[in-house]
Amino acid sequence: MKVNGLFKPKTLDEAYHKLTEHSKNVVMAGGAWLRLSNRTVEEAIDLSVLPLSYVKDRGDVVEIGSMTTLHEIETDDTIKSLYGGILSQAVSQIMGIGLRNVVTIGGNVVARHGFSDVITPLLTMRAKLHFYKRGTISLEAFLDIRGKTTDVLEKIIIPKRKAAGYFKKVTKTALDFAIINVSVTCDEEGFSVAVGSRPSVGQLAYEAMGLLNQAKDVDEKHIDLAAFKAADLLKFSDNHRGSQAYREELTAVYVKRGLLAVKTCFNQRGGHDD
Amino acid sequence: MINITFMVNHRKHSLEVKPGEYLIETLKRLNIHSVRRGCDTASCGVCTVLVDLKPVPSCATLTARLAGKNVTTVEGIHDEAGALADYFGLEGADQCGFCNPGIALSVHALKQQSSPITEADIKQALTGHLCRCSGYVSQVKAIMAYLKDDAHV
Ligand SMILES: Cc1cc2nc3c(=O)[nH]c(=O)nc-3n(C[C@H](O)[C@H](O)[C@H](O)COP(=O)(O)OP(=O)(O)OC[C@H]3O[C@@H](n4cnc5c(N)ncnc54)[C@H](O)[C@@H]3O)c2cc1C
């Protein structure tokens with residue numbers, strides 16, 4: 001990356017206007033991913049000077065500022081208590097502490113990496129994104145938007161619920177990108193299942209979730225079928241880390257393990273199962 | 001060019017940097033040679049320095065963002081790094097030594113932790129420091145022994 005100028009905004013409004021002023025201006029969060037690109041940046045808009053690094057417990061939701069680093073997320077007690085701590089677990093498996101001291105949750109989400117270990121758990125935690133201009137949208141809706149993001153992500157909002165969670169990242173070596181990552185949660189609205197690094201970005205497995213959430217009792221047969229549906233109906237493909245077939249096999253296994261891990265929470269929530 | 005003032009190893013530096021200049025390049029300009037360039041993609045840990053006592057890859061940190069910050073390289077913890085090196089020697093924990101400065105800085109950062117340091121903490125601190133000689137076991141042992149004698153465990 002070649003950077004011609006560095007702009008330090010005083011407000012989010014200044015950051016937004018600078019971003020929309022020139023097609024080669026970019027928001028810079030941790031800057032670690034941007035650094036790897038070959039692009040020429042006219043002005044990098046340095047978000048580190050704005051107060052966007054925080055975790056705030058608002059009672060019914062938790063807000064995470066977009067500039068919060070992955071290491072801050074990993075060590076924050078509020079985040080450890082959300083959905084069984086799956087977000088903390090997921091980020092703690094990304095590279096080393098040095099990199100996690102730099103890279104941000106906002107950068108990870110906006111970059112929409114196929115391999116993201118952050119997006120997959122956030123999907124199952126029913127996360128919403130708050131952008132400066134666009135306002136609040138669900139993470140799923142954001143992932144459906146194609147093309148460059150010409151807005152500034154301010155914060156990520158996660159509901160605080162009594163919930164259980166499971167996260168699994170499957171890799172060839174400890175620090176590699178995932179072959180797949182799987183997140184399963186259960187809260188008062190029911191089960192959520194998401195699979196990422198397919199190798200495309202994390203996606204909710206709606207058919208599997210529907211099957212479970214409509215069932216009166218969730219037993220092992222439902223779980224087997226839901227795991228099969230997730231593997232069968234989500235779209236997987238090949239890359240040098242794994243084949244489509246291998247990813248499908250892994251998905252069926254880990255979705256099942258995840259559902260078994262969080263099942264008790266489902267049974268406790270409204271008596272579907274005695 | 002951007003004017004910035006920051007501290008490196010407790011010394012104040014005011015200098016002009018290009019907007020796209022990375023800290024590793026600036027440190028070389030300041031005649032600090034312990035910081036090595038490895039992968040240049042923030043993956044190997046060799047170029048680790050401390051910014052306000054947190055380990056970060058200097059190959060992915062723009063200097064122009066560091067106004068008012070404190071940067072520490074292994075030159076800034078000279079005696080401590082020397083003491084750690086003795087334990088590395090005793091355990092046979094280093095061979096080529098290329099990754100040692102980055103590891104010494106991560107150990108220094110770990111020592112700032114208020115709770116007792118466990119073996120798991122040491123392993124976590126070493127994650128991201130690629131070493132192609134040692135296999136890590138002897139490094140973990142050496143750091144454990146060093147911290148024990150230094151009364152941090
Ligand atoms: C060596 C390496 C290994 C990695 N391994 C993994 C891994 O295994 N799993 C994983 O999940 N991730 C991994 N990552 C990705 C990392 O977690 C971050 O997602 C990535 O570095 C981007 O975060 P950043 O803060 O550096 O963002 P930047 O590089 O600063 O920005 C990334 C993109 O997001 C945009 N952006 C950033 N913040 C905002 C905002 N607030 N509003 C609008 N736009 C914004 C930028 O303009 C840019 O286009 C890895 C990264 C590196 C460098």
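Look a little higher up for the structure.
Residues numbered from 1 in each chain as written. Chains lettered and ligands numbered in written order. Predicted model: local features only at pLDDT ≥ 70, side-chain atom pairs only at ≥ 80, totals over all residues. Heavy atoms only, no water.

Caption draft 1: Structural context of the environment of A:Leu123. All names here are of chain A. Following the sequence through the fold, Leu123 ends up in helix α7 (residues 119-124). The buried category is assigned to Leu123, whose relative accessible area is 4%. Sequence-wise, Leu123 and Ile157 are 34 residues apart; in three dimensions their C-alpha atoms are separated by 11 Å. Once residues lying within four places of it in the same chain are set aside, the contact partners of Leu123 are Leu139, Glu140, Leu143, Ala194, Gly202, Gln203 and Leu204. (Helix = DSSP H or I, 4+ residues; strand = E, 2+ residues; numbered from the N terminus. Buried < 20%, exposed > 50% of the residue type's maximum accessible area, 1.4 Å probe, protein only. Contact = heavy atoms within 4.5 Å.)

Caption draft 2: Main features of helix α9 (residues 206-214) of chain A. Regarding α9(A), the residues found buried are A:Ala208, A:Met209, A:Leu211 and A:Leu212. For α9(A), the angular spread of buried residues about the axis comes to 160°, placing them on one side. (Arc of directions from axis to C-beta.)

Caption draft 3: The sheet that holds strand β7 (residues 135-138) of chain A, seen in detail. Residues and elements named next belong to chain A. Pairing is antiparallel across the open sheet formed by five strands, whose spatial order is β4-β5-β8-β6-β7. At either end of the open sheet lies a strand with only one pairing partner, and these are β4 (55-57) and β7. Taken over all neighbouring pairs, the strand axes of this sheet differ in orientation by 25° on average, direction set aside. With four bridges joining them, strand β6 (residues 128-131) and strand β8 (residues 153-159) adopt antiparallel strand pairing. Bridge pairing links Leu129 to Ile156 in β8. (Pairing = 2+ DSSP bridges. Axes fitted to C-alpha atoms, helices over the stretch in contact; angles between N-to-C directions.)

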